[in-house]
Amino acid sequence: MPTITKILTYKTRLGLQIARTLTKEARRYSSTMSGQNLDKDKQNITNLASDLRDGSVPLDCRFIYPEFLPDPNPEHRNALREKLERMDMIARRSCVAIPEFYVGSILAVTYSESHAPGKINRFVGICIQRKGCGLRASFILRNVVDNQGVEVSFDMYDPTIQKIDCLRLEKRLDNELFYLRDAPLQYSTFPFDMDAEVLPENSAIPINDIKVPLNPPPWLDRWERKNLKGATNIIVNERRQKLAAERATPWEKYDLMKVYRETIPEEEQKEIFAEIYSNLRELEIVRHKQKHARSFVRPKKTG
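Residues numbered from 1 in each chain as written. Predicted model: local features only at pLDDT ≥ 70, side-chain atom pairs only at ≥ 80, totals over all residues. Heavy atoms only, no water.

### Focus: the packing of aromatic side chains
Here's step 1: If you walk through the whole model with that rule in mind, you get 5 aromatic pairs.
Here's step 2: Look at Phe101 and Phe139: their rings are 5.3 Å apart centre to centre, the planes differ by 65°, and that puts the pair in the edge-to-face class. With Phe101 in the loop between α5 (79–95) and β1 (106–112) and Phe139 in strand β3 (residues 138–145), the pair connects residues that are 38 residues apart, well separated along the chain. Accessibility assignment for this pair places Phe101 and Phe139 in one class, buried. (Phe/Tyr/Trp six-rings, centres within 6.5 Å; stacked < 30°, edge-to-face > 60°. Helix = DSSP H or I, 4+ residues; strand = E, 2+ residues; numbered from the N terminus. Buried < 20%, exposed > 50% of the residue type's maximum accessible area, 1.4 Å probe, protein only.)

Written as structure tokens, this is what we have:
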């Protein structure tokens, strides 16, 4: 038994030594041949992730992918749950392309509907709200059907969603567009057969500075207290004007602690996006190649 133990120990040590030698040679070989054998796209993705981790890449991801940021309320934080949710979100994005969009963009969502013809339905509308974080992220689309305002709320990572298309990419002056409920229907009407508007690459996101006039009161909310930038014709009586002036809080925009409590620190944002940025870039590169690839059309028999 002692002899066998010594032989096994010697073989184990020899195997470890060979493994270490091969590892060193592989590293040396990979360092000398990295420019020839490594895929350029993967190396660019790795460089982008490292740059983001160092802070040299601008953090515009927090506007494109706001749902990846966790809830700033410390009572709702759980590091393990947030990491697992981010993995699920990336896996879902690998199956369904979720485009970049903002409040004010016009989207078309194709989803499964058991009562629709063909079990598939498609709804087109303007995004009037985008909220939530993680797998609970959602958005609301509004359109006019048969002279009646219709709003549909979608969970962004709902498995019944088959496709999301951004027909018009733009922003509005306000973070929410609920005042369209009290505006003329023409400002919420969009054709269901609307064609997608393609923006030039690397162009800035257009901002639609339209001023929507509201209908006369009564309204569904007290819009005179909301400090709206994209709505006009907000005319109320003196009593409501006085109450709005009394309950106004103009100092909140200078409250740094309130902003800190309602947002995620920049250092933590860098860590989160450095973790997922490489995967998101891989998905974008693959979809970009598929988008510009020529589609093959099988010829039909004529005779």
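### Quick notes on the nonpolar core
Here's step 1: Formed by 31 residues in total, the largest nonpolar core has its most connected members in Phe68, Phe101, Val109, Phe139, Leu141 and Phe154.
Here's step 2: Residue assignment for this core shows that the elements contributing at least two residues are α5, β1, β2 (120–131), β3, β4 (148–155), β5 (161–168) and α8 (266–292).
Here's step 3: Looking at this core element by element, the count peaks at 5 residues for α8.
Here's step 4: Among all residues touching Val109, those that are not within four sequence positions of it are Asn121, Arg122, Phe123, Phe139, Leu141, Phe154, Ile161, Lys163 and Ile164.
Here's step 5: Among the nonpolar cores identified, the runner-up in size contains 22 residues, and Ile106, Ile140, Trp223 and Val236 belong to it. (Core = buried A, V, L, I, M, F, W, Y, C linked by side-chain atoms within 4.5 Å. Contact = heavy atoms within 4.5 Å.)

### What to know about the pairing of β2
Here's step 1: In this structure, β1 lies alongside β2, joined through 7 bridges in antiparallel fashion. If you follow Thr110 over to β2, its bridge partner there is Arg122.
Here's step 2: When β2 meets β3, the two strands line up antiparallel, connected through 5 bridges. Bridged to Ile126 within β3 is Arg142. (Pairing = 2+ DSSP bridges.)

### Quick look at α5
Here's step 1: Here α5 contains 17 residues, and its C-alpha end-to-end distance of 25 Å stays within 8% of the 24 Å for a straight helix at 1.5 Å per residue.
Here's step 2: Turning to α5, its buried residues number three or more, namely Glu82, Glu85, Arg86, Met89, Ile90, Arg92 and Arg93. Axial view of α5: buried residues confined to an arc of 160°, hence all on one face. Exposed and facing more than 90 degrees away from the buried side of α5 are Leu80, Met87 and Cys95.
Here's step 3: For α5, the side-chain oxygen to backbone nitrogen distance between the N-cap and Leu80 is 3.2 Å, and the N-cap itself is Asn78. (Expected span 1.5 Å × (residues − 1). Arc of directions from axis to C-beta. Polar contact = N/O pair within 3.5 Å; in protein donor to acceptor, adjacent residues only side chain to side chain.)

### Examining a positive patch on the surface
Here's step 1: Side chains of Arg222, Arg225, Arg239 and Arg247 sit close together on the surface and give a patch of like positive charge.
Here's step 2: Within the element layout of this structure, Arg239 appears in helix α6 (residues 238–246). (Patch = residues over 30% accessible without salt bridge, like charges linked within 9 Å, V, L, I, M, F, W, Y side chains within 5 Å. Areas by Shrake-Rupley, 256 points an atom, 1.4 Å probe, with all protein chains shown as cover. Salt bridge = Lys/Arg side-chain N within 4 Å of Asp/Glu carboxyl O. Lys, Arg positive; Asp, Glu negative; His and termini not counted. Charge placed at Lys NZ, Arg CZ, Asp CG, Glu CD.)

### A look at the side chain of Gln129
Here's step 1: Along the chain, Gln129 falls in strand β2.
Here's step 2: Reaching out from Gln129, the side chain makes a polar contact with the side chain of Glu176 at a distance of 3.2 Å.

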